[in-house]
Amino acid sequence: MGDRRSITFVAAALLFSIIPVRADDGAIISRWYSALLVADRAELSDLLADDVRIKLEDLGIVQSKQEFIASIDEWQGAVAGAEIRHRIEKSEGGVTTVIACYDFPNNDMLMQETFAVTDNRITASSQAAIAENCDGY
């Protein structure tokens, strides 16, 4: 019986050793918000997969990586003096759902955002407003 347990243990250990270790999606997402807050184009570009699709639900827009990076000039003015707080709500099936409070100098907004991450790159993201203030954060 002892041999059977050790064979099972070895088999399980081998199985786990061949399963790729998932990158820390939480760290990727934290880097995202840090870069977004200071409009760091280089970091945002590094975090996004070349074929990423960013869906802005409220505007009915889907942006490519190039379109998103090009929009950062406009975003830089809007985010000056702001704070972004975020918390991960859930992570399943390769998709992480985040609640984010965008606290701008003159107003704030609560958003639900999702991120799909593969090979340490964001491959898809969606953003939708859930409240016109961060009271529910």
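Residues numbered from 1 in each chain as written. Predicted model: local features only at pLDDT ≥ 70, side-chain atom pairs only at ≥ 80, totals over all residues. Heavy atoms only, no water.

### Observations regarding the sheet that holds strand β4 (residues 95-103)
Hydrogen bonding along the main chain pairs the strands of a sheet, whether they run parallel or antiparallel.
Moving on, step 1. Spatial ordering of the open sheet is given by β2-β1-β6-β5-β4-β3, a layout of 6 strands whose pairing is mixed. The outermost strands of the open sheet, each flanked by one partner alone, are β2 (61-63) and β3 (83-92). Put simply, the sheet's adjacent strands are angled 20° from each other on average, direction ignored.
Moving on, step 2. Summarising the sheet, strand β1 (residues 48-56) and β2 pair through 3 bridges and their orientation is antiparallel. (Pairing = 2+ DSSP bridges. Helix = DSSP H or I, 4+ residues; strand = E, 2+ residues; numbered from the N terminus. Axes fitted to C-alpha atoms, helices over the stretch in contact; angles between N-to-C directions.)

### Overview of the confidence of the model for the chain
Close inspection of predicted coordinates is inappropriate in any region flagged by low pLDDT.
Moving on, step 1. Considering every residue of the chain, the mean pLDDT works out to 86; 83% of them sit at 70 or more.
Moving on, step 2. Contacts from residues 1-23, a stretch scored under 50 in pLDDT, to residues over four places away or in other chains number 3 contacts. (pLDDT = per-residue confidence, 0-100. Contact = heavy atoms within 4.5 Å.)

### Remarks on the pattern of salt bridges
Moving on, step 1. Tallying each qualifying case throughout the model produces 7 salt bridges.
Moving on, step 2. The partner of Asp46 in a salt bridge is Arg121, with the nearest N and O atoms 3.4 Å apart. With a gap of 75 residues between them, Asp46 in helix α3 (residues 41-47) and Arg121 in strand β6 (residues 121-131) connect regions that are remote in the sequence.
Moving on, step 3. Residues Lys90 and Glu92 are paired through a salt bridge, measuring 4.0 Å at the closest nitrogen-oxygen approach.
Moving on, step 4. Since its relative accessible area comes to 53%, Glu92 is described here as exposed.
Moving on, step 5. Salt bridges sharing common partners tie together Arg31, Glu43, Asp46 and Arg121. (Salt bridge = Lys/Arg side-chain N within 4 Å of Asp/Glu carboxyl O. Buried < 20%, exposed > 50% of the residue type's maximum accessible area, 1.4 Å probe, protein only.)

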